[in-house]
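Read off the chains here:
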Amino acid sequence: RKGVKWNNGDDFTAEDVARNIAGWCEKDVEGNSMAGRFGTLVDGNTGKAIDGAIEVVDSHTVRLTLPTSDISLIPGMADYPAAIVHSSFQTDDFTQNVGTGPYVLSELEVGVKAALDRNTDHTWWGEAVFGRPALDRIEYVDFGTDSASWLAALESD
């Protein structure tokens, strides 16, 4: 999609997509479940993307050249671990990461809660189609796995 920008002002390009696909193919990255979904693109000797399999054709086109057909590649790209991340992505402070959506992660306490605030400093690419985001803030609360805590949350004010 043309016109998409990261919320730091960088253009979102085919280079971003190709870099992420190459990363998804890295079998030696701890916790990378995408390598299994992209097994067709992984070189068995290196545990990385097959040389030449991921090609940036132009600023908005990536071509994948597969050694064999693999219909599972498409749904694999739609699965949640397939998030496209900016080249500056890091895991020290997730609230400092860059995205393309209308919200920014403002709070994260793993196992407790997370909050997203509407990014007023970024023109979201989807506004032309979907309109301005309706919510100023989204909060997620982790009630754990004990169903008693879920019931207590529903009964509270």
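A. Quick look at the overall build of the protein. Scanning the protein from terminus to terminus reveals 5 helices and 5 strands. Across the protein, helices and strands are ordered from the amino to the carboxyl terminus as α-α-β-β-α-β-β-α-β-α. Rg of the C-alpha trace for the protein: 19 Å, well past the compact-globule value of 15 Å for 157 residues, more than 25% over. For the protein, the C-alpha atoms occupy an extent of roughly 55 × 40 × 30 Å along the three principal directions.

B. Spatial organisation of the pattern of salt bridges. Counted according to the given criterion, the structure contains 11 salt bridges. Here Glu107 and Arg137 are joined by a salt bridge, their closest N and O atoms 2.4 Å apart. In this pair, Glu107 sits in strand β3 (residues 103–109) while Arg137 sits in strand β5 (residues 137–141), placing the two residues 30 residues apart along the sequence. Under the relative-accessibility criterion, Glu107 is labelled partly exposed at 26%. With its nearest N and O atoms 4.0 Å apart, the salt bridge here joins Arg132 to Asp136. The residues Arg132 and Asp136 share a single accessibility class, namely exposed.

C. Representation of a nonpolar patch on the surface in the model. Taken together, the side chains of Phe89, Phe94, Leu108 and Val110 present a nonpolar region at the surface, about 390 Å² in accessible area. Mapped onto the fold, Val110 is located in the loop between β3 and β4 (113–118).

D. A look at the packing of aromatic side chains. Per the stated rule, a full pass over the model turns up 5 aromatic pairs. Taken together, a centroid distance of 5.3 Å and an interplanar angle of 50° make the contact between Trp6 and Phe12 tilted. Owing to a relative accessible area of 19%, Phe12 belongs among the buried residues under this scheme. Taking the centre distance of 5.3 Å and the plane angle of 55° together, the rings of Trp24 and Phe38 count as tilted. Highlighted residues: Trp24 in helix α1 (residues 14–24) and Phe38 in the loop between α2 (34–37) and β1 (54–58), separated in sequence by 14 residues.

E. Spotlight on the sheet that holds β4. The strand order β3-β4-β5 describes an open sheet built from 3 strands, whose pairing is antiparallel. One side of each edge strand has no neighbouring strand; the edge strands of this open sheet are β3 and β5. Across this sheet, the average inter-strand angle for adjacent strands is 15°, counted without regard to direction. Across 5 bridges, β4 lies against β5 in antiparallel orientation. Paired with Ala114 across the two strands is Tyr140, which belongs to β5.

F. Region of the structure containing the side chain of His86. Mapped onto the elements of the fold, His86 is located in the loop between α3 (73–78) and β3. Here the side chain of His86 touches Asn8 through a polar contact of 3.5 Å, side chain to side chain. Here the side chain of His86 touches Ser88 through a polar contact of 2.8 Å, side chain to side chain. Apart from the residues within four sequence positions on either side, His86 is in contact with Trp6, Asn8, Asp10, Arg19 and Val98.

G. Structural context of the environment of Met34. Inspection of the secondary structure assignment puts Met34 in helix α2. The exposure class assigned to Met34 is buried, which follows from its relative accessible area of 1%. Expressed as a C-alpha distance, the spacing of Met34 and Met77, which sit 43 residues apart in the sequence, is 8.7 Å. When neighbours within four sequence positions are excluded, Met34 is seen to be in contact with Trp24, Gly76, Pro81 and Ala82.

The rules behind the values
Residues numbered from 1 in each chain as written. Predicted model: local features only at pLDDT ≥ 70, side-chain atom pairs only at ≥ 80, totals over all residues. Heavy atoms only, no water. Helix = DSSP H or I, 4+ residues; strand = E, 2+ residues; numbered from the N terminus. Rg over C-alpha atoms; globule rule 2.2 N^0.38 Å. Salt bridge = Lys/Arg side-chain N within 4 Å of Asp/Glu carboxyl O. Buried < 20%, exposed > 50% of the residue type's maximum accessible area, 1.4 Å probe, protein only. Patch = residues over 30% accessible without salt bridge, like charges linked within 9 Å, V, L, I, M, F, W, Y side chains within 5 Å. Areas by Shrake-Rupley, 256 points an atom, 1.4 Å probe, with all protein chains shown as cover. Phe/Tyr/Trp six-rings, centres within 6.5 Å; stacked < 30°, edge-to-face > 60°. Pairing = 2+ DSSP bridges. Axes fitted to C-alpha atoms, helices over the stretch in contact; angles between N-to-C directions. Polar contact = N/O pair within 3.5 Å; in protein donor to acceptor, adjacent residues only side chain to side chain. Contact = heavy atoms within 4.5 Å.

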